[in-house]
Amino acid sequence: MQSNAAGWSEAVPADAAAARPGPPLWLLAELTYRCPLHCAFCSNPLDYARHEAELDTEQWLDVLTQARALGAVQLGLSGGEPLLRKDLETLVAHAHGLGFYTNLITSGIGLTDARLAALREAGLDHIQLSFQDSTRELNDFLSSTRTFELKRRVARSIKAHGYPMVLNCVLHRYNLPHVGTIIEMALQMGAEYLELANTQYYGWAWHNRQALMPDARQLREAEAVVERYRAQVGQRCRILFVVPDYFEGKPKKCMNGWGTTFLGVAPDGTALPCHAARMLPGPALPNVREHGLRWIWQESEAFQRFRGTGWMPEPCRSCDGREDDAGGCRCQAFLLTGDPAATDPACKRSPEHGRVREAVAQGAASMATGPGVAATRGVAHGRLAAALAPRDNAAAASTAPLVFRTDANSLRLSRG
């Protein structure tokens, strides 16, 4: 490893076996950063409002054509809110004609019956609909919008148009106590899949980490509820629940390994080895306006940077599990240590694992003195913000308020 002037390690070249990767099987097209919701856990970058220039229709069509020629088979259409793109049906039809399996990842805002019919006609295969909670009050508070009833209507329309019902709910300290009722809501809607996605701390979730972090007891109780429902419902609804890295003691194989399976394209054309990669220092990420996807995937320094195992420091380099976890998450390593090439601190063997334990302990402390999240059910929407406020001055000093995803906050937080 070499250290640069900024103090973080530069990765050594990837090993020879990783020089020619297989195809990027999964293409994520982030069509826009615009979104009607203002979720405090959004994975979009904090500075999203400074990236306004979106690829136009012809540029996206070319990206899809190049990706399919490169071997991509699954296409995710996301944002922001992809329904804000008026050309969404055109992009879906082109992707369908190329042979992609297409998946729309949406809040449901703007998904009318007419638009559903048009997307069905264009060949859309799959829709994933997000909820923030099983209650109107908390769902609307967490997204800073009044959308719960609209989402319920959209869910019924999705079923009526013959799509499988796939629901997603991001979990954190505010809604973990509601896991049982979230599952009941999904079952009542006829969901075939329910993804209970515990918050990963990037983007806005990183900024709000102290306010969102649950404690170990919450996670254990929620996981026990999930296991009971899995036993009850069997194959009627597949319930996905993954314990967050901070609480497992071992890292996950982020995106199945850097530059092995996943290729993202941001609204402005920046090519991403993972969702959050544009935060990392080092080689500039390539842009599809300037380079072809084949060169980006196979040759660019950014995509080769953490491919394979040759870049790994100790203890990863000599660890028997290095192929299983691929060194963990590079963005998580950077956020926690300042070094994107460091061993992921989520791993118990990392010399920086104490940073994760400290974050968990801080979260538990703020849980003890901060918002009374278990008592939020039934609180009227207009009084919910007050109900979630710290209960005394000591709590206010230790518990940061939620900062919602807005253009104004994005510009303020990324100033300078």
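Keep in mind that what you see is a predicted model, and the values were worked out from it rather than measured.

Draft legend 1. Summary view of the overall build of the chain. Across its full length, the chain carries 17 helices and 11 strands. Among the 416 residues that make up the chain, the fraction classed as buried is 55%.

Draft legend 2. Looking closely at unusual backbone geometry. Between Gly79 and the following residue, Gly80, the backbone shows a cis peptide bond with an omega angle of 20°. Tracing the sequence through the fold places Gly80 in the loop between strand 4 (74–78) and helix 2 (88–98). Residue Pro315 is reached from Glu314 by a cis peptide bond, and omega for that bond is 5°. Checked against the element boundaries, Pro315 lands in the loop between helix 11 (301–304) and helix 12 (322–325). For Met255, which is not glycine, the phi dihedral falls at a positive 55°. Note that Met255 resides in the loop between strand 9 (238–241) and strand 10 (262–265). Even without glycine at this site, Asn256 takes up a positive phi of about 65°. Mapped onto the elements, Asn256 comes out in the loop between strand 9 and strand 10. According to the relative accessible area criterion, Asn256 is partly exposed, its value standing at 43%.

Draft legend 3. A look at the sheet that holds strand 8 (residues 193–198). Taken in spatial order, the 9 strands line up as 9-8-7-6-5-4-3-10-11 in an open sheet, and their pairing is mixed. Strand pairing shows two members of the sheet lacking a second neighbour, strand 9 and strand 11 (271–272), which therefore form its edges. Inspection of the sheet shows strand 3 (residues 26–30) paired to strand 10 by 4 bridges, in the parallel sense. Across the sheet, Trp26 pairs through a bridge with Phe262, a residue of strand 10.

Draft legend 4. Representation of the environment of Leu61. Along the chain, Leu61 turns up in helix 1 (residues 57–70). Taking C-alpha positions, Leu61 is 6.4 Å from Leu91, a pair spaced 30 residues apart along the chain. Beyond its immediate sequence surroundings of up to four residues, Leu61 is in contact with Thr90, Leu91 and His94.

Draft legend 5. A look at the nonpolar core. Leu27, Ile158, Leu167, Val179, Ile183, Leu196 and Ile239 are the most contacted members of the largest nonpolar core, which totals 66 residues. With residues near it in sequence (within four places) discarded, Ile183 still touches Leu194, Leu196, Val226, Tyr229 and Ile239. Counting 22 residues, the second-largest nonpolar core is a separate cluster that includes Leu142, Val170, Ala359 and Leu402.

Draft legend 6. Structural context of the pattern of salt bridges. On inspection of all chains with the given rule, the structure shows 14 salt bridges. The shortest N-O distance in the salt bridge between Glu149 and Arg152 comes to 3.9 Å. Of this pair, Glu149 and Arg152 both sit in helix 5 (residues 148–160), 3 residues apart, which is roughly one turn of that helix. With a relative accessible area of 28%, Arg152 lands in the partly exposed category. Across the salt bridge formed by Arg217 and Glu221, the nearest N and O atoms sit 3.2 Å from each other. With Arg217 and Glu221 both in helix 9 (residues 216–233) and 4 residues apart, this pair spans about one turn of that helix.

Draft legend 7. Local environment of the environment of Trp204. Here Trp204 shows up in helix 7 (residues 203–207). In sequence terms Trp204 and Asp47 are 157 residues apart; their C-alpha atoms lie 9.8 Å from each other.

Draft legend 8. Layout of the pairing of strand 5 (residues 101–106). By the bridge criterion, 4 bridges tie strand 4 to strand 5 in an arrangement that is parallel. Bridge pairing links Leu75 to Thr102 in strand 5. Taken together, strand 4, helix 2 and strand 5 form a β-α-β motif whose crossover is right-handed. Of the strand pairs in this sheet, strand 5 and strand 6 (residues 126–131) are connected by 4 bridges, and their pairing is parallel. Considered in strand 6, the bridge of Leu104 is made with Ile127.

Draft legend 9. Up close: the confidence of the model for the chain. When pLDDT is averaged across the chain, the result is 89; 88% of the residues are at 70 or more. Across residues 1–18, where pLDDT falls below 50, the model places 37 contacts with residues more than four positions away in sequence or in other chains. Confidence over residues 372–383 falls short of pLDDT 50; this stretch has 25 contacts with residues more than four positions distant or in other chains.

Draft legend 10. Focus on the packing of aromatic side chains. Under the counting rule described, the total for this entry stands at 9 aromatic pairs. Taken together, Tyr33, Tyr48 and Trp204 form an aromatic cluster joined through their ring pairs. Arg405 extends its terminal NZ or CZ atom over the ring of Tyr48, reaching a point 3.9 Å from the ring centre.

Draft legend 11. Quick peek at helix 2. Those residues of helix 2 that sit buried are Leu88, Glu89, Leu91, Val92 and Ala95. Projection of helix 2 onto a plane perpendicular to its axis shows the buried side chains occupying an angular sector of 160°, all on one side. Where the residues of helix 2 are buried, they touch helix 1, strand 4, strand 5 and helix 3 (113–122). Looking at the residues trailing helix 2, positive phi occurs at Gly99, about 105°.

Criteria and cut-off values
- Residues numbered from 1 in each chain as written.
- Predicted model: local features only at pLDDT ≥ 70, side-chain atom pairs only at ≥ 80, totals over all residues.
- Heavy atoms only, no water.
- Helix = DSSP H or I, 4+ residues; strand = E, 2+ residues; numbered from the N terminus.
- Buried < 20%, exposed > 50% of the residue type's maximum accessible area, 1.4 Å probe, protein only.
- Pairing = 2+ DSSP bridges.
- Contact = heavy atoms within 4.5 Å.
- Core = buried A, V, L, I, M, F, W, Y, C linked by side-chain atoms within 4.5 Å.
- Salt bridge = Lys/Arg side-chain N within 4 Å of Asp/Glu carboxyl O.
- Right-handed = clockwise from strand over helix to strand, strands pointing away.
- pLDDT = per-residue confidence, 0-100.
- Phe/Tyr/Trp six-rings, centres within 6.5 Å; stacked < 30°, edge-to-face > 60°.
- Lys NZ or Arg CZ within 6 Å of the ring centre and 35° of its normal.
- Arc of directions from axis to C-beta.

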